[in-house]
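Fold and contact review
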Amino acid sequence: MRNYFLKNAAAVFFAIAGLTACQPSLNWRAVQLEGTNLKFELPCKPDKTTKSVKMAGLDIDLSMVGCEANDAVWAVMTAQVPATADRVEILKGWRTATLQNMRATQTQDLTWSPSRVAALPGTLRIKSLGTSAKGQPVHAQAVWFSHLEGEAVRLVHAVVYQNQGPKMDSSAEQLIESLKLP
């Protein structure tokens, strides 16, 4: 089960990286994921895709929106799962897969209480240092959370990967704090 999750998470990461087109500067814009009420801001024109993945034994459709700007990859991913799914374990597994994919060597867990989303218990936030597929240092800031959506639960993961750490803090913060539900 864990191997399926890791393979699918790696495929998702590389799909977003492959979708991105280089942008010369940050041009923040409002984005809404199709089929959800979730809104957020990205600093570049996003590409979108949906991929069927297996998470915690569930076959789910994972929607992804991402772009590349200022030598960073910005991505938001979401999936809907039944209310009976163990969302906390799924989010922890997603966090683990993300850190393994970036070959994380240093990770700092941060507390996070989203101010514009009625998140269910189990939110996660990290800052991490790792290595890209090309062997370059990569910094990441990421959050994972879930919220009720009708009779189901919506899982959300937002991440920024960049090879310059301190420069990304305010921009990554802008993405994370822009996550909202009407």
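The rules behind each value
Residues numbered from 1 in each chain as written. Predicted model: local features only at pLDDT ≥ 70, side-chain atom pairs only at ≥ 80, totals over all residues. Heavy atoms only, no water. Pairing = 2+ DSSP bridges. Helix = DSSP H or I, 4+ residues; strand = E, 2+ residues; numbered from the N terminus. Axes fitted to C-alpha atoms, helices over the stretch in contact; angles between N-to-C directions. Contact = heavy atoms within 4.5 Å. Buried < 20%, exposed > 50% of the residue type's maximum accessible area, 1.4 Å probe, protein only. Polar contact = N/O pair within 3.5 Å; in protein donor to acceptor, adjacent residues only side chain to side chain. pLDDT = per-residue confidence, 0-100.

**Re the sheet that holds strand E7 (residues 124-131)**
Spatially, seven strands are ordered E3-E4-E5-E9-E8-E7-E6 in an open sheet, and the strand pairing comes out antiparallel. At either margin of the open sheet sits one strand with a lone partner, and together these are strand E3 (47-55) and strand E6 (106-110). Put simply, the sheet's adjacent strands are angled 20° from each other on average, direction ignored. Examined bridge by bridge, E3 and strand E4 (residues 58-69) share nine bridges and lie antiparallel to one another. Counted as the bridge partner of Ser-52 is Asp-61 from E4. Relative to the sheet, helix H2 (residues 87-101) contacts E3, E4, strand E5 (72-82), E6, E7, strand E8 (137-149) and strand E9 (152-162), its axis offset from that of E9 by approximately 20°.

**Focus on the side chain of Ser-128**
With respect to the secondary-structure elements, Ser-128 resides in strand E7. Among the residues examined, Ser-128 registers a relative accessible area of 5% and is labelled buried. Only 2.9 Å separates the side chain of Ser-128 from the side chain of Thr-107, close enough to count as a polar contact. Ignoring any residue separated from it by four or fewer positions in sequence, one finds Ser-128 in contact with Leu-99, Met-102, Ala-104, Gln-106, Thr-107, Val-138, His-139 and Ala-140.

**Observations regarding the confidence of the model for the chain**
When pLDDT is averaged across the chain, the result is 84; 84% of the residues are at 70 or more. Considering each helix and strand of the chain separately, the mean pLDDT is smallest for helix H1 (residues 2-19), with a value of 48, and largest for E6, with 95. Note on residues 9-24: pLDDT is under 50 here. Beyond four places in sequence and across chains, it has 33 contacts.

**Things to note about unusual backbone geometry**
For Asn-70, which is not a glycine, the phi torsion comes out positive at approximately 50°. If you trace the backbone, Asn-70 turns up in the loop between E4 and E5. The phi angle at Asp-71 is positive, at roughly 60°, despite the residue not being glycine. Tracing the chain through its elements places Asp-71 in the loop between E4 and E5. Take Asp-71: its relative accessible area is 43%, and that puts it in the partly exposed class.

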